[in-house]
Amino acid sequence: MQEKRSHRRQLFRAAAVTAGAAVVAPALGGVTPAQAAALAATGAIPWVGPAGSGATYEVNETLGAQAAINTALGASAQRAVFVAPGNYNLKAPVVLGDKQALIGAGPLVTMLTAASGFSGAALVVNPWSGNQIGATRQCVTDIGLDGANRVANGVNFQMNIKPDSYGPDPAPWLTRVFVTRTTGDGFLLGGTYAGGQREFKITDCRVERVGGWAYNFQSSDGFVSGCSAQGCAGGGYLLGGGNIKMWGSKAYGIGTATASAPAFRIASARATVVGCEAQDTIGNGFEILAANATLSGCTADSTGRGGTGTDDESAGFYVTASAVSLEGGSFQRSGGGAAWIVDDRPGMRCALYLASGVDYLSVRLVTGAGRPVPFQRLITGTVGARSSVSVLG
């Protein structure tokens, strides 16, 4: 026991110094990796590490790291667990319950990877199976999730009944989480409870090379900031829940050689998207499918399939809903397009595509003067009489 304590002190001495002399209990979503390490060193929260590391819960590779993590989270009165640096195999999901936190040492420093024979829908889930049990204000921070093309989702949080200890918003926090190589969506938030995982908060996350959407939000009233998506086959961001606020995020290299996919799809009402960018996608930059959406300061750069007859898949902004406010830039740059996905380098055919029957639109877009191929026209389609649409170029 003395040897384990000594090893623990050595492993976390630098982190404890960084965190400072006064170490307090972790606040949900408010702990840095250094602070988590310092807390683990004092015994304030349990930590998970490889066999022989002296960790409170050591990983048995035969069982998978999820066994140690879930045991730590299930211990009496434990609300958080720190996973030390390393790459750990998972054979089943990590399960986060009510007000629990999963903390790594950094999104590329602590990696949880699906092992051969993985059983489950996602690498990290809340405790659901048909009906949600209890409340779910979880926190996941500073950790990497690698599906290794064996598992559908990186994070899958569902809410199927009203929270039993507070309400009405479940509100999980996901910060600095990296997801790669899932067969489906990187992040999936939803449920049959009204609004699903309502008031979710996603900040500074990255998803790359997944088979579905990078971010699939079927929950409402969420906040998304500073995120990125690269090389995702199904799409970048799907805003399927109402009243989502999103800013400062980007998607690029979205779609495949055989299937178009948008960088952003606003599919539920009252979304607000500010300062986001779609670049070099095989598919539209921004698809606005729901009313009362507001997009401000957004940029579509060289987005689209590019071929003849693909205007509805080759627009900077594609609008099928009425009552939309849209302002930003939409252009095809010289050499732009998803050349690193397909050899013929597709791109934007029109800055703005308007579906039949849309009205009550306020649109102000700017595009470049050169407009290289495959660009064809500023606007495809028309709007009703109660709209103001301007594309300058």
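Residues numbered from 1 in each chain as written. Predicted model: local features only at pLDDT ≥ 70, side-chain atom pairs only at ≥ 80, totals over all residues. Heavy atoms only, no water.

**Student:** Give me the lowdown on the overall build of the chain, citing residues and values where you can.
**Tutor:** What the chain contains, in helices and strands, is 3 helices and 33 strands. Seen through its principal axes, the chain has C-alpha atoms that stretch 75 × 45 × 40 Å. Considering only residue pairs separated by 6 or more positions, the chain has 65% of its internal contacts joining residues 24 or more positions apart. Surface accessibility of the chain: about 14900 Å² in total, with carbon and sulfur atoms responsible for 51%. Of note, the chain has its 29 positive side-chain charges centred 5 Å away from the centre of its 24 negative side-chain charges. (Helix = DSSP H or I, 4+ residues; strand = E, 2+ residues; numbered from the N terminus. Contact = heavy atoms within 4.5 Å. Areas by Shrake-Rupley, 256 points an atom, 1.4 Å probe, with all protein chains shown as cover. Lys, Arg positive; Asp, Glu negative; His and termini not counted. Charge placed at Lys NZ, Arg CZ, Asp CG, Glu CD.)

**Student:** Before we move on, can you summarise the pattern of salt bridges with the specific residues and values?
**Tutor:** Summed over the entire model, instances satisfying the criterion amount to 13 salt bridges. Among the salt bridges present, the one from R181 reaches D146, with a minimum N-O distance of 2.8 Å. Of this pair, R181 sits in the loop between strand 13 (173-180) and strand 14 (187-190) while D146 sits in strand 11 (residues 139-146), and the two are 35 residues apart along the sequence. Accessibility expressed as a relative area gives 28% for R181, which makes it partly exposed. Between D359 and R386 there is a salt bridge whose closest N-O contact spans 3.1 Å. Residue D359 is found in the loop between strand 30 (350-354) and strand 31 (361-366), and its partner R386 is found in the loop between strand 32 (377-380) and strand 33 (388-392); the two are separated by 27 residues along the sequence. Residue R386 is classed as exposed on the basis of its relative accessible area of 53%. Here the salt bridges do not stand alone but share partners, grouping D169, R198 and D221 into one network. (Salt bridge = Lys/Arg side-chain N within 4 Å of Asp/Glu carboxyl O. Buried < 20%, exposed > 50% of the residue type's maximum accessible area, 1.4 Å probe, protein only.)

**Student:** I'd like a description of the pairing of strand 27 (residues 293-301), backed by residues and values.
**Tutor:** When strand 24 (residues 272-274) meets strand 27, the two strands line up parallel, connected through 3 bridges. Pairing of V273 across the sheet is with L295, part of strand 27. Sheet topology note: the strand 25 (residues 277-279)/strand 27 ladder contains 3 bridges and is parallel. Note on strand 27: the bridge partner recorded for Q279 is D301. When strand 27 meets strand 29 (residues 324-331), the two strands line up parallel, connected through 8 bridges. From the neighbouring strand, S296 faces strand 29, where its bridge partner is E327. (Pairing = 2+ DSSP bridges.)

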